[in-house]
Amino acid sequence: MSDTAASAVDAVRPDLPFGTLSVAMATPFARDGGVDYEQAAALATKLVDEGCDALVVTGTTGETSTLTDEENLGMFRAVVEAVGDRAKVIAGSTTNDTRHSIHLTTEAAKLGVDGVLVTAPYYNKPSQAGVIAHVEAIAAATELPIMLYDIPGRSGIALSTETLIRLADHPRVVALKDAKADYQATTRVLANTDLHVYSGDDGLTLPLMAAGAAGVVSVTAHVAAPLFRELVDAVHAGDLAAARRAHFAIDPIQRAVMTHAQGAVAAKAVLHWQGVLPNPAVRLPLVELSEDEAAAVRADLAEAGWDL
């Protein structure tokens, strides 16, 4: 770990239970289709060495919907054992099935994870009352702190501002990963709750932090963690000029990772090109980058000065 990254991690504010720079971590697969837990541990170590103070394991980017319970738990175990003494491990242990979510979260807690990511139930499209009941049922079954995940583009429903304000009153609901891209709605949440808000859109990290967000849960930080560390630390230090420089440096990289293919697909490809992962394998229904997509990703990275 560089001196800068080490000092950043050591200086994490104790009032931020999920740190300031988290990665929505990819799940590495072997070419035979199995989860590669050794590579997962190595990837987690790399990310923490580069300045990440939290990791979300088997969330959307971790392809959780294609993992068995045993694979999910295996990923939690591998990452906790690799970096659990140096970074917070947040379990992507919830689904659209409340009972299943409670079971997987309870098992994850036994492995030593530090928190749980509770996504808006997808596909079912419950009412806001149903969402609240879902979250409250999971919270009642665990002592772990909860990060809500508002991502209507994937879940099919948004967490309303009123729902977020209500859930913020629950003692275990402490954070929000905001991937709704509704700046005005997030502003109301920041103004009316004590939730620690994290940008769930890499490109919106600076504006959301300028309004008071604690940091980011990033996909692009798989390949650009030091730059995100600079951005996040600059905002917390009140150095807007430095934050803006980091934001501009990140922009072509986040475009490469987030605009041409699903984030897990592009992130794994770039990690493979960098020599971090032995292959860019994903599970169906995801497929690896096409030639045209790979060319577009490389073009954006070239704009950032990268030659991969």
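All figures in this text were calculated on a predicted structure; none of them were measured in a lab.

A word on the sheet that holds strand E5 (residues 146-150). Taking strand neighbours around the barrel as the criterion, the eight strands line up as E1-E2-E3-E4-E5-E6-E7-E8 in a closed arrangement whose pairing is parallel. When strand polarity is set aside, the average angle formed by the axes of neighbouring strands in this sheet is 25°. Of the pairings in the sheet, the one linking strand E4 (residues 115-119) to E5 comprises four bridges and is parallel in character. Within the sheet, the bridge partner assigned to threonine 119 lies in E5 and is tyrosine 149. Sitting on the sheet, helix H5 (residues 128-140) is in contact with E4, E5 and strand E6 (173-178), with an inclination near 160° to E4.

Per the UniProt record, the feature "binding site: pyruvate" (unreviewed entry) sits at Thr61 and Val217. In sequence the annotated residues extend across 157 residues, while in space they remain close, none of their C-alpha pairs exceeding 10.9 Å. With respect to the secondary-structure elements, threonine 61 resides in the loop between strand E2 (54-57) and helix H3 (69-83). We classify valine 217 as buried; its relative accessible area is 2%. When sequence neighbours within four positions are dropped, the list of residues in contact with valine 217 reads Ser22, Val23, Ala24, Val56, Met147, Lys177, Tyr198, Ser199, Gly200 and Asp202.

A few words on the packing of helix H11 (residues 240-258) against helix H13 (residues 291-303). Running from N to C, H11 and H13 cross one another at 170°; their axes reach a closest spacing of 8 Å. Judged by the inter-axis angle, H11 sits roughly antiparallel to H13. Contacts between H11 and H13 pair Pro252, Ile253, Arg255 and Ala256 from the former with Val297, Asp300, Leu301 and Glu303 from the latter. Across the contact of H11 with H13, the residue classes tally to five nonpolar, no polar and three charged.

We now examine the UniProt feature "site: Part of a proton relay during catalysis" (unreviewed entry) in the chain. Sites flagged by UniProt as "site: Part of a proton relay during catalysis" (unreviewed entry) map to Thr60 and Tyr123. Taken together, the annotated residues stretch across 64 residues yet fold into one region, lying no more than 14.4 Å apart by C-alpha. Its location among the elements puts threonine 60 in the loop between E2 and H3. Once residues lying within four places of it in the same chain are set aside, the contact partners of threonine 60 are Tyr149, Arg154 and Gln262. The topology assignment puts tyrosine 123 in the loop between E4 and H5. Since its relative accessible area comes to 73%, tyrosine 123 is described here as exposed.

A few words now on the pattern of salt bridges. Taken as a whole and assessed by the stated rule, the structure comprises 14 salt bridges. Here lysine 46 makes a salt bridge to glutamate 50, at a shortest N to O gap of 2.9 Å. Between arginine 283 and glutamate 71 there is a salt bridge whose closest N-O contact spans 2.7 Å. On the criterion of sequence distance, the pair formed by arginine 283 in the loop between helix H12 (263-273) and H13 and glutamate 71 in helix H3 is long-range, its members being 212 residues apart. Like glutamate 71, arginine 283 is buried. Members of the salt-bridge network, linked through shared partners, are Asp251, Arg255, Asp300 and Glu303.

Two elements in contact, helix H2 (residues 37-49) and H3, have axes whose closest approach is 9 Å; the angle formed by their N-to-C orientations is 45°. Classified by the angle between their axes, H2 and H3 sit oblique to one another. Crossing angle aside, the handedness with which H2 passes H3 is right-handed. Contacts between H2 and H3 involve Tyr37, Ala40, Ala41, Ala44, Thr45 and Val48 on the former and, on the latter, Glu70, Glu71, Gly74, Met75, Ala78, Val79, Ala82 and Val83. Taken together, the residues of the contact of H2 with H3 break down into 10 nonpolar, two polar and two charged.

Let us now look at the packing of aromatic side chains. All chains considered together, the criterion is met by zero aromatic pairs. Sitting above the plane of the tryptophan 273 ring, arginine 298 keeps its charged end 3.8 Å from the centroid.

How each quantity is defined
- Residues numbered from 1 in each chain as written.
- Predicted model: local features only at pLDDT ≥ 70, side-chain atom pairs only at ≥ 80, totals over all residues.
- Heavy atoms only, no water.
- Pairing = 2+ DSSP bridges.
- Helix = DSSP H or I, 4+ residues; strand = E, 2+ residues; numbered from the N terminus.
- Axes fitted to C-alpha atoms, helices over the stretch in contact; angles between N-to-C directions.
- Contact = heavy atoms within 4.5 Å.
- UniProt positions renumbered as here; feature names shortened; annotations may be inferred.
- Buried < 20%, exposed > 50% of the residue type's maximum accessible area, 1.4 Å probe, protein only.
- Parallel < 35°, antiparallel > 145°, perpendicular 65-115°, else oblique.
- Nonpolar A, V, L, I, M, F, W, Y, C, P; charged D, E, K, R; others polar.
- Salt bridge = Lys/Arg side-chain N within 4 Å of Asp/Glu carboxyl O.
- Left-handed = near helix turned anticlockwise from the far one by under 90°.
- Phe/Tyr/Trp six-rings, centres within 6.5 Å; stacked < 30°, edge-to-face > 60°.
- Lys NZ or Arg CZ within 6 Å of the ring centre and 35° of its normal.

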